[in-house]
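Structural characterization, general
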Amino acid sequence: MKRLVILISGRGSNMEAIVKACAAEGWPAEVVAVISNRPAAGGLQFAAERGIASAVVDHKAYASREDFDAELARVIDGFAPDLVVLAGFMRILTSGFTARYARRMLNIHPSLLPSFTGLHTHERALEMGCKIAGATVHFVTAELDHGAIVMQGVVPVAPGDDAKTLSARVLTVEHRIYPQSVRWFVDGALVWDGERVTHRDGAAQQLLLL
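Rules used throughout
- Residues numbered from 1 in each chain as written.
- Predicted model: local features only at pLDDT ≥ 70, side-chain atom pairs only at ≥ 80, totals over all residues.
- Heavy atoms only, no water.
- Helix = DSSP H or I, 4+ residues; strand = E, 2+ residues; numbered from the N terminus.
- Rg over C-alpha atoms; globule rule 2.2 N^0.38 Å.
- Buried < 20%, exposed > 50% of the residue type's maximum accessible area, 1.4 Å probe, protein only.
- Lys, Arg positive; Asp, Glu negative; His and termini not counted.
- Charge placed at Lys NZ, Arg CZ, Asp CG, Glu CD.
- Phe/Tyr/Trp six-rings, centres within 6.5 Å; stacked < 30°, edge-to-face > 60°.
- Pairing = 2+ DSSP bridges.
- Axes fitted to C-alpha atoms, helices over the stretch in contact; angles between N-to-C directions.
- Contact = heavy atoms within 4.5 Å.
- Expected span 1.5 Å × (residues − 1).
- Bend = angle between axes of the 7 residues up to and from the residue.
- Polar contact = N/O pair within 3.5 Å; in protein donor to acceptor, adjacent residues only side chain to side chain.

Looking only at helices and strands, the protein chain features six helices and 10 strands. Against the 2.2 N^0.38 benchmark of 17 Å for 210 residues, the protein chain shows a C-alpha radius of gyration of 17 Å, consistent with a compact globule. When its C-alpha atoms are laid out on the principal axes, the protein chain stretches across 45 × 40 × 35 Å. Taking all 210 residues of the protein chain together, the buried fraction comes to 48%. Side-chain charges of the protein chain comprise 21 positive and 22 negative groups, with the mean position of each set lying 3 Å from the other.

In structure tokens:
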């Protein structure tokens, strides 16, 4: 059984999608903890209702990013995870932290990387006149929103879209590709080829909702 620790900062809708998929599909895995950097994160209630252990490491209580990351790592390691899953965890992590969990920490970003790293992805996609948008699941490295791509989901940009409507459409594909990507990790189906990741059996690493 693989042990999964999920990090959130807010309502944790991707965390919910992963927890529900793990239970419904009978993964050989268990979400052993949900950790937030914000005490008021809505996803903590969902974890409690599901009987999942939770913890808060409030970034505001630490003088430096390094101090926060050190405490966060201590709490994470207390749950002995095989995989750390960032699900709307809104903190930039230090290189020491990312190295500690190299090749066993996933993130989802609401754009088709390498386009639109960082914040305000939907606004920027609309400003550039993009005809498609989407989300990317990737392994975490020290470089923000980089790292080997596991899976991407693509949705159309509709006439009249604003950031809110586009974000909602992208979120629907996030809730499908993130559980799938975590399941592949759990099953040992991801194969490293240098700095790229492929699926052991050649499964499609993209989901097109066009």
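This brings us to the environment of A40. Looking at the element boundaries, A40 is found in the loop between β2 (29-36) and α2 (43-49). Since its relative accessible area comes to 77%, A40 is described here as exposed. Put simply, A40 and G10 are 30 residues apart on the chain and 7.8 Å apart in space, counted from C-alpha to C-alpha.

Applying the stated criterion across every chain yields a total of four aromatic pairs. Centroid distance F97 to Y101: 5.0 Å. Interplanar angle 55°. Geometry classified as tilted. F97 gets classed as buried once you look at its relative accessible area, which sits at 3%. Judged by centre distance (4.9 Å) and plane angle (50°), the rings of F139 and W192 are tilted. Here F139, found in strand β6 (residues 132-139), pairs with W192, found in strand β8 (residues 190-193); they are 53 residues apart in sequence, far enough to count as distant. Here F139 falls in the buried class, since its relative accessible area comes to 2%. Following the ring pairs from residue to residue traces out a cluster consisting of F139, F185 and W192.

The next point concerns the sheet that holds strand β5 (residues 105-109). In space, the eight strands of this open sheet follow the order β3-β2-β1-β4-β5-β6-β7-β10, with mixed pairing throughout. Each end of this open sheet is capped by a strand with a single partner; those strands are β3 (53-56) and β10 (206-208). Going across the sheet, the axis of each strand differs from the next one's by a mean of 20°, ignoring polarity. In this sheet, strand β4 (residues 83-86) lies alongside strand β1 (residues 2-8) in parallel orientation, the contact comprising four bridges. Bridge pairing in β4 places I6 opposite V85. Here helix α3 (residues 65-77) sits on the sheet and contacts β1, β2, β3 and β4; the angle it forms with β2, its principal contact strand, is near 150°.

On to the environment of V170, then. Looking at the secondary structure, you find V170 in helix α6 (residues 163-186). A residue is classified by how much of its surface remains accessible, and V170, at 0% relative accessible area, is buried. Taking the C-alpha atoms as reference, V170 lies 6.6 Å from A135; in sequence the two are 35 residues apart. Discounting residues that sit within four places of it in the chain, V170 has contacts with P110, H122, A133, G134, A135 and V155.

A few words on α6. Taking 1.5 Å per residue as the helical rise, α6 with its 24 residues ought to reach 34 Å, and the 33 Å between its terminal C-alpha atoms agrees with that figure. Along α6, the sharpest kink reaches roughly 25°, centred on E174. At the N-terminal end of α6, a side-chain oxygen is found 3.1 Å from the backbone nitrogen of K164, two or three residues along, and the residue is D162. Just downstream of α6, G188 is the residue with a positive phi angle, here 70°.

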